[in-house]
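This is what each chain is made of:
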Amino acid sequence: MQQSKQNMASLNNEAAASSSSSSLPLSSTDHQNHYTYEVFLSFRGEDTRSNFTDHLHSLLCDRGIQTFRDANKLRRGEEISAALLKAIEQSRVSIIVFSQNYASSRWCLDELVKILECRKSKGQEVIPVFYKVDPSHVRHQTGAFADAFAMLDQHKYKDSIGKWRKALSDAADLSGWTYEEDQSEAEFIKKIVGDLSARVVNPSYDLDVAEHPIGLKSCRQNVNRLLDAEENNMVGIWGPGGIGKTTIAKDVFNSIRREFDHRCFLADVRSNGLAQLQRRLLSHILGDANLEVSSVDQGVSLIKTRMRNKKILLILDDVSHSSQLKNLVPSPDCFGPGSRILITTRDKRCLIAHQVNEVYEVKILDDDQALELFSLNAFKSNGPPHAYLELARHAVRYAQGLPLALIVLGSHLFNRSIKEWKATIGSCKGGPQADIQKVLKQSYDALEKDLQELFLDIACFFKGKHAAHVKPILEACYDHKTMVIGIAQLQEKALIRIDRDDHIWMHDLIEEMDKDIVYQESPEEPGERSRVWSEEDVNDVLTYNTVSILMMFCVFQFGKHFILNIISY
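The residue count restarts for each chain, going from 1 along the sequence in the order it is written. Since the coordinates come from a predicted model, pLDDT governs what is reported: local features require at least 70, and pairs of side-chain atoms require 80 or more to be given and counted, while whole-chain, interface and lining totals use all residues. Calculated side-chain values reflect all of the structure's heavy atoms, with hydrogen atoms and water omitted.

### As for the sheet that holds strand 1 (residues 37–43)
Being paired, for any two strands, means DSSP has found at least two bridges between them. Segments assigned H or I by DSSP are reported as helices when at least four residues long, segments assigned E as strands when at least two residues long, and all are numbered from the N terminus. Spatial strand order, 1-2-3-4: 4 strands in an open sheet with parallel pairing. Sheet topology places strand 1 and strand 4 (177–179) at the edges, where each strand pairs with a single neighbour. Sheet twist, expressed as the mean angle between neighbouring strand axes with direction ignored, is 15°. Examined bridge by bridge, strand 2 (residues 91–98) and strand 3 (residues 125–131) share 6 bridges and lie parallel to one another. Its bridge partner being in strand 3, Ile95 is matched across the sheet by Ile127. Helix axes are fitted only over the stretch in contact, all axes being lines through C-alpha atoms; the angle between N-to-C directions runs from 0 to 180 degrees.

### Description of the sheet that holds strand 9 (residues 358–361)
The strand order across the open sheet formed by 5 strands is 6-7-8-5-9, and the pairing between neighbours is parallel. At either end of the open sheet lies a strand with only one pairing partner, and these are strand 6 (262–266) and strand 9. Ignoring strand direction, the axes of neighbouring strands in this sheet form an average angle of 15°. For strand 5 (residues 234–238) and strand 8 (residues 340–345), the ladder comprises 5 bridges, and the chain directions are parallel. Across the sheet, Ile237 pairs through a bridge with Thr344, a residue of strand 8.

### Some points on helix 8 (residues 143–150)
Taken residue by residue, helix 8 has Phe145, Ala148 and Phe149 as its buried positions. All buried residues of helix 8 fall inside an arc of 100° around its axis, so they share one side. Facing away from the buried surface of helix 8 by more than 90 degrees, the exposed residues are Asp147 and Ala150. Considering only its buried residues, helix 8 is in contact with strand 2, helix 6 (106–122), helix 7 (135–140) and helix 9 (158–172). Burial classes: relative accessible area under 20% of the type maximum marks a residue as buried, over 50% as exposed, and values in between as partly exposed (1.4 Å probe, protein chains only). Arc definition: it is the arc formed by the directions from the helix axis to the C-beta atoms. Working rule for contacts: check all heavy atoms of both residues, and any pair within 4.5 Å makes them a contact.

### With respect to the packing of aromatic side chains
Geometry of aromatic contacts follows a simple scheme: Phe, Tyr and Trp rings, the Trp one being its six-membered ring, pair when their centres are within 6.5 Å, and the pair is stacked under 30 degrees between planes, edge-to-face over 60, tilted otherwise. Applying the stated rule across the entire model yields 15 aromatic pairs. Between the aromatic rings of Phe98 and Tyr102, the centroid separation amounts to 5.0 Å while the plane-to-plane angle is 75°, which identifies the pairing as edge-to-face. Each member of the pair, Phe98 as well as Tyr102, is classed as buried. Ring centres of Phe461 and Phe462 lie 6.0 Å apart, and the angle between their planes is 70°; this geometry places the pair in the edge-to-face category. Taken individually, Phe461 and Phe462 each receive the classification buried, so the pair is uniform in this respect. Here Arg106 stacks its cationic end above the ring of Trp107, 3.7 Å away from the centre of that ring. Counted as over-ring charges are cases with an Arg CZ or a Lys NZ within 6 Å of the ring centre that also lie within 35 degrees of the ring normal. If you follow Lys311 out to its NZ or CZ, it ends over the ring of Phe260, 5.4 Å from the centre.

Dropping the structure here:
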């Protein structure tokens, strides 16, 4: 309340024909973007101050959008004050209430020119409200609007007449709200505030990205280049769990959201039902919190019919199945021209199936970036103290450039002794490692049974081996089709990769997770596990005959390593 009074005092004696509306200062990100206010409201005081604008002001306050309204009815001086110009520049959104006598005020017209300048230079949202005036009359300065414009001293303001006319024409071409004489003013105001709150004010907040955005800038730039291509309205971000796909998508969203009329970030698509996701998308874009989606088919129909003329930025985060894309983006042209859809996924097959041709593959951090990110979490500085340098390097090698692992491990080790560091890094069970594996295991859990078995075999026995040598062995355990398709699927899901020399690789943390899955089958008795890969455990099983009587096993030599695959029958 005190802040509002101070703001009111600062603009006192500055407006009669027009006024301004604003909220309290926003987040630190907004300050970085030079935004202080949510809304700047331009209106003709003698037309709407005591009725329409007063009611609009009241409802904005009721909705929690703290609004400033100048109470002074007298305008003094020839020019708009510096304080008012600054308020326009520092606003996210400008709403222009065009009323019958709006064009008779040179202060309103100068405000309008400044607002459109900010739209061009700062990407500010500008939304006209046509209150009892025809948009075409504003556009062409005809009808009652022409009479109001003629009230200005055409000779005195001859240098401004041209820019005022252009500003009126440009503003009237923007999408906005039109009030008809026979409609309910209360309902009209509710629609404005509801649409403003859902479509403009709330989504205009920057998404929280990362406390330490190491390596993020280049990723954002690469994705934006793909999105900038005119022929690309859908782009995928692909990589394993914990590599930073969501972080990149959020950063891209923040960097380009002002270029779109509507924006929506659908988080955690994997864990939500399709109808629920459709309702979230539709209600967010259409500004209708009460919208219901009774079935997936109805949701598809609504998306096709209600979204086709809207320029939308849509982020679908953590997509796990192509059906999610099919029902959220039914066709490439279901949204309006200029729309862009960004999809993050661990499964490249989802993108291929939906004809997403441009895919950005997220790479692990290089050694320097990894050490910096780890240090920022473990020491709150860009590098480790000398006494911790080797331990920090050991931890970074363990994480192998995976941001999730670097953040979780670094945060766990913050403010701990060297003894605690050594104990944590030397252990592969519990603590931060368990938190990391919990995220990675989501990819394993999503696999079908046969693919899980194939994945475990590769992790336990064949990492780093030549694919041409591995495939015949896998064919002895699986049919040819399962083996060939399975290896391709594991690659598409970013769980394994085959390098240029045809060697099979996976992240050490994924290998560790798979081996732990097998270990947990029987922590105390190797012979009760489905796979045994260490020489010590193989000797134990063969020497002490600890394999269950309901099992058979085969042993063969692969290089210097013995492989024991215990097969149930």
